[in-house]
Structures are given as structure tokens and as C-alpha cells.
Amino acid sequence: MSDHHIKRLVIMRHAKADWPMGVPDHERPLEERGHREAPLAGKWLLKHGVVPDFILCSSALRTRQTCTWVCDELGDKAPTPKLEDGLYSASANRMLTVINHVPDTVTTLMVISHMPGVQDLAMHLASRDSDHDAYMDAATSYPTSALTVMETEKSWAELDGQDARLTHFKVPRH
């Protein structure tokens, strides 16, 4: 793959959320552990040079809070996130439809959303030449704050399945 044609997709599950009584699912906040771990994802992205130029974030409170922490770590390199109602409790196919509409001027796209969609999407897009260990880790368990990094030469509109190489799967923890 020639570097100038490679697009990167970062799929992130929101950080650990709380379950306060009487709070609708969409408005569930991060719990203390989530507030500690979400910034670690931003630190990891920065350290590994995987800085998104566009972020699509579910409109749920826990994903918005996760996104804020990630962007705080990215500092002035952080793009302005776009809240996307369609990513809330979305299936992998719904997420892919949202991604398919991203302009090709975006070279590194980050999507912050929910289970099971994030894991299903990563598995659906992973090509046969994916990193075996990263693929198996993502397939086995996709805990809160987990990040999948994928690379593709296709345009966002062309992504449909088994056409992105899964290169990293990381669960940022203290």
C-alpha cells in the first residue's frame, strides 16, 4: 500500500459508563473509571501518530464525554467532532452507512460508538491480511475504551466488507 492513498479508520467503544437509577440510556454518564481511561485512548492515538482529522461521535452522553477526553489529549490537533444520532445503538451496517458518507478529504476517521456495533463493524471490515493477534483480540472481547485501527486504500464510500486491514487493537488501561 502506498502511504498517500491509505485511509485510517479508528473505531472506539465509549469508556466505562455508569447506570444511575432513573436515567435514560441515552443520558448515562461515564463512571469514575471511564473518566480515567478515556484520556488514555487519546494519549495512545497521539503516541502512535494516529490523529483523526474527523470524528463521528454517537449523540449519547457517555460517547460525548469519551470524545471530550480524547480531544483534550489530542489538544490543538483535535478536529471538531460531529455528533451523529445515527450512531446511537447502531448496527454495524448502520455505522458503515454513516462512514460511507464521509468525504474523501478525510484521511483518518474516528468513530466513537457502542457495543455490539463497534465490534461487529471491526469484524465485518477486517480483511484477510489483518494483524492476526489484533484481529483475535478484537474478535474475542471489545471492552470499554477499546480502539481498533484499520487501514484501507478504498474511499469511504467503497468500504463494504473485508476491505480494511486491522492493524491495531488496544485497550487503554492504567
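Values in this document were obtained by computation on a predicted structure and should not be read as measured data.

As a further point, take the packing of helix α3 (residues 92-100) against helix α4 (residues 117-125). Direction vectors running N to C along α3 and α4 enclose 70°, while the axes themselves pass 8 Å from each other. Compared by their axis directions, α3 and α4 come out roughly perpendicular. Where α3 approaches α4, its residues Ala92, Met95, Leu96 and Ile99 are matched on the opposing element by Gly117, Val118, Asp120, Leu121, His124 and Leu125. For the contact of α3 with α4, the residue count by class is 7 nonpolar, 2 polar and 1 charged.

This part covers the domain arrangement of the protein. Domain boundaries in the protein define domain 1 (13-88) and domain 2 (116-173). Counting residues at the interface gives 12 residues for domain 1, matched by 12 residues for domain 2. Three residues stand out in domain 1 for area buried against domain 2, namely Arg13, Glu37 and Trp44, and they jointly supply 60% of the buried area on that side. Along the contact surface separating domain 1 from domain 2 lie 1 salt bridge. Between glutamate 37 and arginine 173 there is a salt bridge; the shortest N-O distance is 2.7 Å. Inspection of the domain 1/domain 2 interface yields 6 residue pairs in polar contact (both at pLDDT 80 or more). Of all the elements, helix α1 (residues 32-47) adds the most residues to the side of domain 1 that touches domain 2, at 7 residues. Along the lines of polarity and charge, the residues of the side of domain 1 that touches domain 2 split into 7 nonpolar, 1 polar and 4 charged.

With that settled, the discussion passes to the side chain of aspartate 163. Among the structural elements, aspartate 163 can be located in the loop between β5 (147-152) and β6 (165-170). Here lysine 154 takes part through its side chain, which lies 3.4 Å from a polar atom of the side chain of aspartate 163.

What the rule picks out here adds up to 1 aromatic pair. Between the NZ or CZ atom of arginine 28 and the centre of the ring of tryptophan 19, over which it lies, the distance is 3.5 Å.

The next point concerns the nonpolar core. Ranked by internal contacts, the top residues of the largest apolar core, which has 30 residues, are Leu9 and Leu109. Among the elements of the structure, β1 (7-13), β2 (54-58), α3, β4 (108-113), α4, α5 (132-140) and β6 are those that each provide at least two residues to this core. Split by domain, this core shows at least three residues from each of two domains, domain 1 (13-88) and domain 2 (116-173). Residue contacts for leucine 109: discarding those within four places in its chain leaves Arg8, Leu9, Val10, Phe54, Leu56, Ile99, Val102 and Trp156. Listed in part, the 16 residues of the second largest apolar core include Met12, Met110, Ile112 and Val149.

For the rest of this paragraph, the subject is unusual backbone geometry. Cis peptide bonds are those with omega within 30 degrees of zero, and the linkage from methionine 115 to proline 116 qualifies with -5°. Tracing the chain through its elements places proline 116 in the loop between β4 and α4. Unusually for a residue other than glycine, glutamine 162 sits at a positive phi of about 50°. For glutamine 162, the position within the fold is in the loop between β5 and β6.

How each quantity is defined
- Residues numbered from 1 in each chain as written.
- Predicted model: local features only at pLDDT ≥ 70, side-chain atom pairs only at ≥ 80, totals over all residues.
- Heavy atoms only, no water.
- Axes fitted to C-alpha atoms, helices over the stretch in contact; angles between N-to-C directions.
- Helix = DSSP H or I, 4+ residues; strand = E, 2+ residues; numbered from the N terminus.
- Parallel < 35°, antiparallel > 145°, perpendicular 65-115°, else oblique.
- Contact = heavy atoms within 4.5 Å.
- Nonpolar A, V, L, I, M, F, W, Y, C, P; charged D, E, K, R; others polar.
- Domains from an automatic or database assignment.
- Buried area = accessible area lost by both parts, 1.4 Å probe.
- Salt bridge = Lys/Arg side-chain N within 4 Å of Asp/Glu carboxyl O.
- Polar contact = N/O pair within 3.5 Å; in protein donor to acceptor, adjacent residues only side chain to side chain.
- Phe/Tyr/Trp six-rings, centres within 6.5 Å; stacked < 30°, edge-to-face > 60°.
- Lys NZ or Arg CZ within 6 Å of the ring centre and 35° of its normal.
- Core = buried A, V, L, I, M, F, W, Y, C linked by side-chain atoms within 4.5 Å.
- Buried < 20%, exposed > 50% of the residue type's maximum accessible area, 1.4 Å probe, protein only.

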